[in-house]
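Chains, contacts and geometry: an overview
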Amino acid sequence: MANITKKVSWSSRGDERTPLLNGSETRRHSRESSAGGAVFQIGRLSTVDLEEEMMSDEDSVRGRPKEIPHNEKLLSLKYESLDYDNIENQLFLEEERRMSYMGFRCLEISRWVVCGLIGFLTGLIACFIDIVVEQLAGIKYQVVKQNIERFTEVGGLSISLILWAVLNSIFVMVGAIIVAFFEPIAAGSGIPQIKCYLNGVKIPRVVRLKTLVVKVCGVICSVVGGLAVGKEGPMIHSGAVVAAGVSQGRSTSLKRDFKIFEYFRRDTEKRDFVSAGAAAGVSAAFGAPVGGVLFSLEEGASFWNQMLTWRIFFASMISTFTLNFFLSIYHKNPGDLSNPGLINFGRFENDSVAYYLYEIPLFIAMGAIGGLLGALFNVLNYWLTIFRIRYVHRPCLQVMEAMLVAAVTATVSFTMIYFSDDCQPLGPEHTEEYPLQLFCADGEYNSMATAFFNTPERSVRSLFHNQPGSYNPLTLGVFTLTYFFLACWTYGLAVSAGVFIPSLLIGAAWGRLCGILLATISATGSIWADPGKYALIGAAAQLGGIVRMTLSLTVILVEATGNVTYGLPIMLVLMTAKIVGDYFVEGLYDIHIKLQSIPFLHWEAPATSHWLTAREVMSSPVTCLNKVEKVGTIVDTLSNTSTNHNGFPVVVQGASSEEPAKLCGLILRSQLIVLLKHKVFVELARSRLTQRKLQLKDFRDAYPRFPPIQSIHVSQDERECMMDLSEFMTATPYTVPQDTSLPRVFKLVRALGLRHLVVVDDENRVVGLVTRKDLARYHLGKHGLEEMQLAQT
C-alpha cells in the first residue's frame, strides 16, 4: 500500500509540503516560457500512475493483478469535467444577433416538446419493465409454488429448494453477464453516476443507448431473479439516458442524425434535460411528479431556475400519465388512471391512519433507530465494496458472485419459510399473490412466505396494508435481520439494482414489529391503531437512514401512499434519521461516489478553508497559446500525453517582446480539434476566398464525441501555417486574482459550473488555472483540513 499513498509532486512546488494544518509554509510559483515564445508553460502536473506501480512482476505476466489496492484518500484524474458554461465566442454572439424574437420563442417551445418526449418515453420504459417483471415473476413463482405443494405431500422438498435456487441463478446470471461483460457502468442503481453528471463530472458511457438497453434488461433479470433489489434507481438512470438522447435529436451509437434539436447539442442544455429525465424516472417509479421534481433538485441538479422547474414538472406529469394509461390498457381497464406508479404501495385512504400527539416522540425515536440501522448498513456495504474493488474485479468473478447471492437468497428464503410456524387464516379477502400452505392446516397460509415468496414491492404493500395479526413478532424480527444482510450484500453487485425498495421493506418490517410490540405492552392495545402506520414510519426511517434524503423523500412517500396526513411525521422521522446517520457516516450514494474517487463538488467549500488562496490551490504552470498560433505548436500541445489539458488560456504579446503576455481569452481542446479537422488556417483563408466560413453547426455536429488528436492528419507544410483563435475563443473568461480565498473560488466554480477558472496577477498575466480537481482535493477530515492525492487510476 505504500506506493498508493505516495505524495503527488507539482512541477512548480518542488518538495514543498501543502501547508494545510498550520498555514506556516508558503509556496513558490514560477512561470516558464519556451525558447520560441510560442507556448508559455504555465502548467504541468506529475501524477501517480496506479496501474503501473501497483502491479508486481508476477501479476504483470498474468495481465491483471490478483488484488487491486484501494485508498479513499485518492482522487482520480481519469474523470473530466463537463462544460456547463456557455462558450461566448464571436460565432455564438453572431448567431444570437441573427436570431429573431420568434426564433427564441420557437427554442422555448422546443424545450417543452423535448421534456414531453422525455416523459412519454420514460413512462413507456417503466410500463415495459412493469409488465415483463410481472409476467416473468408470476411464471417463476407459480412453477415453484406448484412444485412445493406437490413435494410437501410426498416429501422431497429439497428438489423445490434446488429449483428455486436454479431459477433465481439463471435470471441473475443473464443480468450479471450483460452488465459485467457488455456495459459495466449499468451496474447498481445509477443514481450516484447521474448525481455526478449533474454535478459537472463527465462519467464515461453513463448516458449511452447501450447503457439504457443493458440497464432495462438487467433490472428485469435482477428483480425476477429474486434479489433484494428494487426498480426505482434504474428507472431514474433510464430516464436520464432517454433525456440525454432525445434532447440531441440523434443517436451517436446508431449513427443516425435526425437533424432536429441541434441547438441543444451542448453540455449546458443537455444537463437541464437530464435533470428532467431523472425526475421523470422518479415520477414513473412512484407516481410522484412533485417528488420527482424535488428529488432532482435535492439529490441531482447543481444548477436551477424557475422555468426549469416547470419543465421538469411537466416531464414528470407526462411520465406518470403515460405509465398509468398503458397499464390501464394492459389490465383491460381503459380510463382508470388511478395506478400510483411502477412501485405500487397501495393507498391509505381506507385504513385507520390517524395519529396522536403522544405518538410524535415515538416516531422520532423510530427515526433515530432508522439512522443507526442506516449507518450500520452503509458501513457494512462500504467495507464490502472495498473487498469487491480489491478482489472481485474480473467480470467472470462478478458474475459468479451475483449467482452466489441469488442462490443464497433463495436458500435463506426457503429455510425461513420451512422452519416458520406462523400460520394465518386465508380469508375470502386475502391479498397474497402466491399464498403457500406448506405445513399449515387447510385454509391457512405461511405468513413468512408472504414476505419472502414475493417481489419486494408486493411485500412492502402487504406490510403496509395487511390486517393486524397477519404477522407474529418473531416472523417480522427474523425477516428484518435476514433481509437486512441480504440487501447489504446485494447492493454493489454487477447487476442493475436499486436500494429504495429493499430499504423500505426492511424498515416496514421492523416498523410493523414496533407497532405490534407497542400494542402488546400497553393495557389497551387499540390506542395504537393499525400497525401498518408504524410500518410506514419505519420504512421512511430506514430509507432516510441509508440515502439521507429529506424533503423529496417525504413528498415521494406522501404521493405514493396517497395520504397527506403523515407528511409531518414522515418529515420529522427523515430529519432525525439523517441527523443521527450523518453523525456516524455519509449517505450510501456519497460513499460510493467517494469510493470511485470521483472529483465531486459539494454545496459548500470545506469549513476552515478561508485562509487558503487561489495561488495555493491552482495548477501551475499552465500551457498558454498565442492569439495567432502556429499549427504545429497546437498539434504538439494537444498530442502531449503527459499533460492532456482540456483548456488553454489565450495570451497576447505586449508592444515590446520583453513585455509579458497578458490574458485575452480561453479556448478548449474540443474547439481546437474541430479547427484542425476543418483546417481553419490563416494562409488557406487568404488563398481560398470562396472557402466556407466555420459555423457553430460544425462544432455541434462533432459534439459530444470529438475525434482524438491522433485521428487528425496535419501535413508538414500545414504545420508551418498559422491559426487565428480570436474568432473562436471565449474572449471574456472568468478570472480571479491569485489572492482570492478558496471558498470564493469554490462558489464561482460550483455555482456557475465552470470547467476552468483562470488565476491572474495584478497585470492580468496568467499565473495558474483552477479546475474541479484542484478544489475537490480539499476536504474536512479528522485532523482538520486535509488534501487528497491525485492519481491516474
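The residue count restarts for each chain, going from 1 along the sequence in the order it is written. Since the coordinates come from a predicted model, pLDDT governs what is reported: local features require at least 70, and pairs of side-chain atoms require 80 or more to be given and counted, while whole-chain, interface and lining totals use all residues. Side-chain measures were taken over the full set of non-hydrogen atoms in the model, leaving aside hydrogen atoms and water.

Across its full length, the protein chain holds 29 helices and 21 strands. With 793 residues in all, the protein chain has 57% of them scored as buried. Surface summary for the protein chain: the accessible area is close to 33,000 Å², and the carbon and sulfur share equals 60%. Strands are runs of DSSP state E lasting at least two residues, helices are runs of H or I lasting at least four, and both sets are numbered from the N terminus onward. Buried means the residue's accessible area, taken with a 1.4 Å probe over protein chains only, is under 20% of the maximum for its type, while exposed means over 50%, and partly exposed covers the values in between. In this description, accessible areas are obtained by the Shrake-Rupley approach with a 1.4 Å probe, and a residue is regarded as covered only by the protein chains that are shown.

Time to look at the packing of aromatic side chains. Under the pairing criterion, centres of Phe, Tyr and Trp rings, with the six-membered ring standing for Trp, must be within 6.5 Å; the plane angle then separates stacked pairs below 30 degrees from edge-to-face pairs above 60, leaving the rest tilted. Under the defined criterion, the tally for this structure stands at 25 aromatic pairs. Centre to centre, the rings of Y703 and F706 are 6.4 Å apart; their planes meet at 70°, and the pair counts as edge-to-face. Aromatic ring contacts, followed pair by pair, group Y141, W164, F414, Y418, F419 and F453 into a single cluster.

Two cysteine sulfurs form a disulfide in these notes if their separation is within 2.5 Å. Inspection of every chain in the model, using the stated rule, returns 1 disulfide. The disulfide that involves C423 links it to C440, with 2.1 Å between the sulfurs. Across the S-S bond of C423 and C440 the torsion is about -80°, and the bridge reads as left-handed. Within this pair, whereas C423 is found in strand β9 (residues 423-425), its partner C440 is found in the loop between β9 and β10 (444-446), the two being separated by 17 residues in sequence. Residue classification places C423 among the partly exposed residues on the basis of a relative accessible area of 28%.

In this section: the pattern of salt bridges. Any carboxyl oxygen of Asp or Glu that lies within 4 Å of a side-chain nitrogen of Lys or Arg is treated as forming a salt bridge with it. As enumerated under the stated definition, the model contains 29 salt bridges in all. Measuring nitrogen to oxygen at the nearest pair gives 2.4 Å for the salt bridge that ties D739 to R615. Pair noted here: D739 is in the loop between β16 (735-737) and α28 (742-752) and R615 is in helix α22 (residues 614-617), with a separation of 124 residues, a long-range link. Owing to a relative accessible area of 52%, D739 belongs among the exposed residues under this scheme. The exposure class assigned to R615 is partly exposed, which follows from its relative accessible area of 26%.

Let us now look at unusual backbone geometry. Looking along the chain, the bond that leaves S620 and enters P621 is cis, with omega of 0°. Residue placement: P621 occurs in the loop between α22 and β11 (622-626). A cis geometry characterises the amide bond from Y703 onward to P704, with omega recorded as 0°. Within the secondary structure, P704 is located in the loop between α26 (696-702) and α27 (716-719). Positive phi values are uncommon outside glycine, yet S597 reaches one of about 60°. With respect to the helices, strands and loops of the structure, S597 is situated in the loop between α21 (588-595) and α22. Since its relative accessible area comes to 7%, S597 is described here as buried.

Axes are the key here: two packed helices are described by the angle between their axes and the distance separating the axes. It is at 9 Å that the axes of helix α12 (residues 360-391) and helix α16 (residues 473-490) come closest, and there the two elements cross at 40°. In terms of axis orientation, α12 runs oblique to α16. In this structure, the crossing between α12 and α16 has a hand that is right-handed. Contacts from L373, L376, F377, L380, N381, L384 and R388 in α12 reach F484, F485, A487, C488 and W489 in α16. Note that Gly is not counted as nonpolar here; it falls among the polar residues with everything else outside the nonpolar set of Ala, Val, Leu, Ile, Met, Phe, Trp, Tyr, Cys and Pro and the charged set of Asp, Glu, Lys and Arg. Considered class by class, the residues forming the contact of α12 with α16 number 10 nonpolar, 1 polar and 1 charged. Every axis in this analysis is a line fitted to C-alpha atoms, fitted for helices over the stretch in contact. Angles between the N-to-C directions lie between 0 and 180 degrees. Roughly parallel means an angle under 35 degrees; roughly antiparallel means over 145; roughly perpendicular covers 65 to 115; every other angle is labelled oblique. Each crossing is labelled by how the near helix is turned from the far one, with a counterclockwise turn of less than a right angle marking it left-handed and a clockwise turn marking it right-handed. The criterion used for residue contact is that any of the two residues' heavy atoms lie within 4.5 Å.

For the pair helix α7 (residues 209-224) and helix α8 (residues 232-246), the least separation of the axes is 9 Å and the interaxial angle reads 155°. By the criterion of interaxial angle, the relationship of α7 to α8 is roughly antiparallel. By crossing handedness, the relation of α7 to α8 is classed as left-handed. Taking contact as the criterion, the partners of L209, T211, L212, K215, V216 and V219 in α7 are, on α8, P234, H237, S238, V241 and V242. Of the residues contributing to the contact of α7 with α8, the split by class is 7 nonpolar, 3 polar and 1 charged.

With that out of the way, let us pick up empty space enclosed by the protein. Both cavities and pockets are sets of points on a 1 Å grid over the protein atoms alone; in a cavity a 1.4 Å probe fits but cannot get out, in a pocket the set is open with protein on both sides within 12 Å along at least five of seven lines, and lining residues sit with an atom within 4 Å of a point. Grid points are joined across faces, edges and corners, and a volume is the space filled by probe spheres set on the points. What the rule picks out here adds up to 5 cavities of 30 Å³ or more. Counted as a void, the largest cavity has a volume near 130 Å³. Taken together, 17 residues make up the lining of the largest cavity; nearest its centre are Y141, G226, T409, F452 and N454. Among the elements of the structure, α4 (101-154), α5 (157-182), α13 (395-419), α14 (447-452) and α15 (456-465) are those that each provide at least two residues to the lining of the largest cavity. A breakdown of the residues in the lining of the largest cavity according to their chemical character gives 9 nonpolar, 7 polar and 1 charged.

Within the open sheet, the 3 strands sit side by side as β16-β17-β18. Their pairing is mixed. Each edge of the sheet is formed by a strand with only one pairing partner; in this case those strands are β16 and β18 (766-770). Each neighbouring strand pair of the sheet contributes to a mean axis angle of 30°, computed without reference to strand direction. The sheet strands contacting α28 are β16, β17 (757-760) and β18, and the helix crosses β17 at an angle near 150°. In this description, strands pair whenever DSSP reports at least two bridges between them.

As for its placement among the helices and strands, V499 is situated in the loop between α16 and α17 (500-521). V499 sits 270 residues away from V229 along the chain, and the two C-alpha atoms are 5.9 Å apart. In this view, V499 contacts E232, F377, Y491, V547, L588 and Y589; residues no more than four positions away in its chain are not counted.

Time to look at helix α3 (residues 90-98). Within α3, the full set of buried residues consists of L91, F92 and E95. For α3, the buried positions fall inside an angular range of 100° around the axis, keeping them on one side. Against the buried residues of α3 lie α26. Along the arc lie the directions from the helix axis toward the C-beta atoms.

Residues I417, F453 and F500 are the most contacted members of the largest nonpolar core, which totals 147 residues. The definition of a nonpolar core used throughout is a set of buried Ala, Val, Leu, Ile, Met, Phe, Trp, Tyr and Cys residues joined through side-chain atoms within 4.5 Å. Counting residues in each nonpolar core, the second largest holds 29 residues, with L638, L676, F699 and C721 among its members.

Looking now at the pairing of β11. Across the 5 residues of β11, 5 count as buried, placing the element largely inside the fold. By the alternation rule, side chains of β11 split into V622, C624 and N626 and T623 and L625, which are all buried. Sheet topology places β11 next to strand β13 (residues 647-652); 2 bridges connect them, and they run parallel. Bridge assignment links L625 to a residue of β13, and that residue is V650.

It is worth spelling out a nonpolar patch on the surface at this point. Candidate patch residues must exceed 30% relative accessible area and have no salt bridge, after which like charges are joined if within 9 Å and Val, Leu, Ile, Met, Phe, Trp or Tyr side chains if within 5 Å. A surface patch of nonpolar side chains, about 330 Å² in accessible area, is lined by I162, V166, I170 and V174. The residue V166 is located in helix α5 in this model. Among the residues examined, V166 registers a relative accessible area of 41% and is labelled partly exposed.

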